[in-house]
Amino acid sequence: MTNPLVSIIIPTYNRAYLIGDTLKSIISQTYSNWECIIIDDGSSDNTENIINEFVDKDSRFKYFHRPDFKTKGANACRNYGFELSKGKYINWFDDDDMMDQNKLKIQVESLENSDFNFSVCQTLVFQESIDNIIGYRHEKIISDDTFHDYVTQNIVWLTPSSLWKRMFLLNLNHLFDESLQAAQEWEFHCRVLLKSPLYHVENNALVYVRKHANSITYKSNNSVRIWNYFKARLLLYQNLTCSAKTKEYLRIYLLLYFKKMVRNNHVKKSFIAFTSFIIKESNSNLVINIFFYLASTVSFFVFKRGDFLLNKINISK
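Residues numbered from 1 in each chain as written. Predicted model: local features only at pLDDT ≥ 70, side-chain atom pairs only at ≥ 80, totals over all residues. Heavy atoms only, no water.

**Observations regarding the overall build of the chain**
When its secondary structure is counted, the chain shows 12 helices and nine strands. Relative to the globule expectation of 20 Å for 317 residues, the C-alpha radius of gyration of the chain, 21 Å, shows essentially globular dimensions. Overall, the chain is about 65 × 45 × 40 Å in size when its C-alpha atoms are taken along their principal axes. When each of the 317 residues of the chain is scored for burial, the buried share is 54%. When the accessible surface of the chain is totalled, it reaches about 15,000 Å², and 52% of it is carbon and sulfur. Looking at the chain, you have 38 positive and 33 negative side-chain charges, and the mean spots of the two groups are 9 Å apart. (Helix = DSSP H or I, 4+ residues; strand = E, 2+ residues; numbered from the N terminus. Rg over C-alpha atoms; globule rule 2.2 N^0.38 Å. Buried < 20%, exposed > 50% of the residue type's maximum accessible area, 1.4 Å probe, protein only. Areas by Shrake-Rupley, 256 points an atom, 1.4 Å probe, with all protein chains shown as cover. Lys, Arg positive; Asp, Glu negative; His and termini not counted. Charge placed at Lys NZ, Arg CZ, Asp CG, Glu CD.)

**Things to note about the nonpolar core**
Counting residues in hydrophobic clusters, the biggest one holds 52 residues, and the most contacted among them are Trp-92, Trp-157, Trp-164, Leu-169, Phe-188, Phe-230 and Phe-258. Looking at which element gives the most residues to this core, the answer is helix α9 (residues 244-263), with eight residues. If sequence neighbours within four positions are ignored, Leu-169 has contacts with Phe-82, Ile-90, Trp-92, Trp-164, Leu-175 and Phe-188. One finds Trp-34, Ile-51, Phe-93 and Leu-104 within the second-largest nonpolar core, a separate group that totals 28 residues. (Core = buried A, V, L, I, M, F, W, Y, C linked by side-chain atoms within 4.5 Å. Contact = heavy atoms within 4.5 Å.)

**As for the packing of aromatic side chains**
Applying the stated criterion to the full structure yields 24 aromatic pairs. Residues Trp-34 and Phe-61 carry aromatic rings whose centres are separated by 5.2 Å and whose planes lie at 65 degrees to one another, so their mutual orientation is edge-to-face. One end of the pair, Trp-34, is in strand β2 (residues 34-40); the other, Phe-61, is in strand β3 (residues 61-65), and 27 residues separate them in sequence. Classification of Trp-34 by relative accessible area gives buried; the value is 2%. Taking the relative accessible area as the measure of exposure, Phe-61 reaches 2% and is therefore buried. Cation over ring: Arg-78 sits above Phe-176, and NZ or CZ is 5.2 Å from the ring centre. Above the face of the Trp-186 ring, Arg-233 is positioned so that its terminal group lies 3.8 Å from the ring centre. (Phe/Tyr/Trp six-rings, centres within 6.5 Å; stacked < 30°, edge-to-face > 60°. Lys NZ or Arg CZ within 6 Å of the ring centre and 35° of its normal.)

Here it is in structure tokens:
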């Protein structure tokens, strides 16, 4: 077997107290032909000094700052890292997680010996110490209907668990959507699965996800999360060709999340959701929906209640 270069791309922000463990797990890989491109999203802590210690000792580590012309956020850092990368294979990774020492070896061998465009492995969640395993991030990472089941989250995998063929990624219209602050991995993988529904599956856990107070995966900002979950599903609903059952799932999801925004007094976001989705789907009951939207919005804003009015809003199939 040849030993093609793997590019590991890590966005980071204020993780001086954690990223060292991540980088040590990369150094420990049994597969040695890799480059690790770290993109700093504007850290104000000691992150740069920690990373430079690794850069000084091992030339495979490369440290960059996100350019000012790029949108702040992990998505822009991931995309920028890909532009800088040279590997035949790409592994986006997170700055608080850890790799099993055989991750790259197993997944490179699997892709070198198959026609799959990417490989996905299982992921375990740990807290504080890698010896304190909580369990799988998700039990299922494969099914007989991968696209629909990924959309509905019956199967789940995270970005760090995947190894990608560079040539496949170059044929996508775009990589991570830089306008999304949540659900960006979900949206990216949905687009991928429409193009390539079959992939290599490694059922052994090769990634360890750290659960902690500042974890993006577990940290909750309800307003941001609800809006971005809605926005990501709307992008899929409007722009991609899905089966009837997937379209129906997304339609119901979008309606429910629009109502969540009204209930939580997210007036601006619920208005955008109403005009971008509800109005377009209302057909014959447009006037009725407009009336009950205005009435329920005022009711929730003033009285903190209004479910009777809100539940009158519906859309045709």
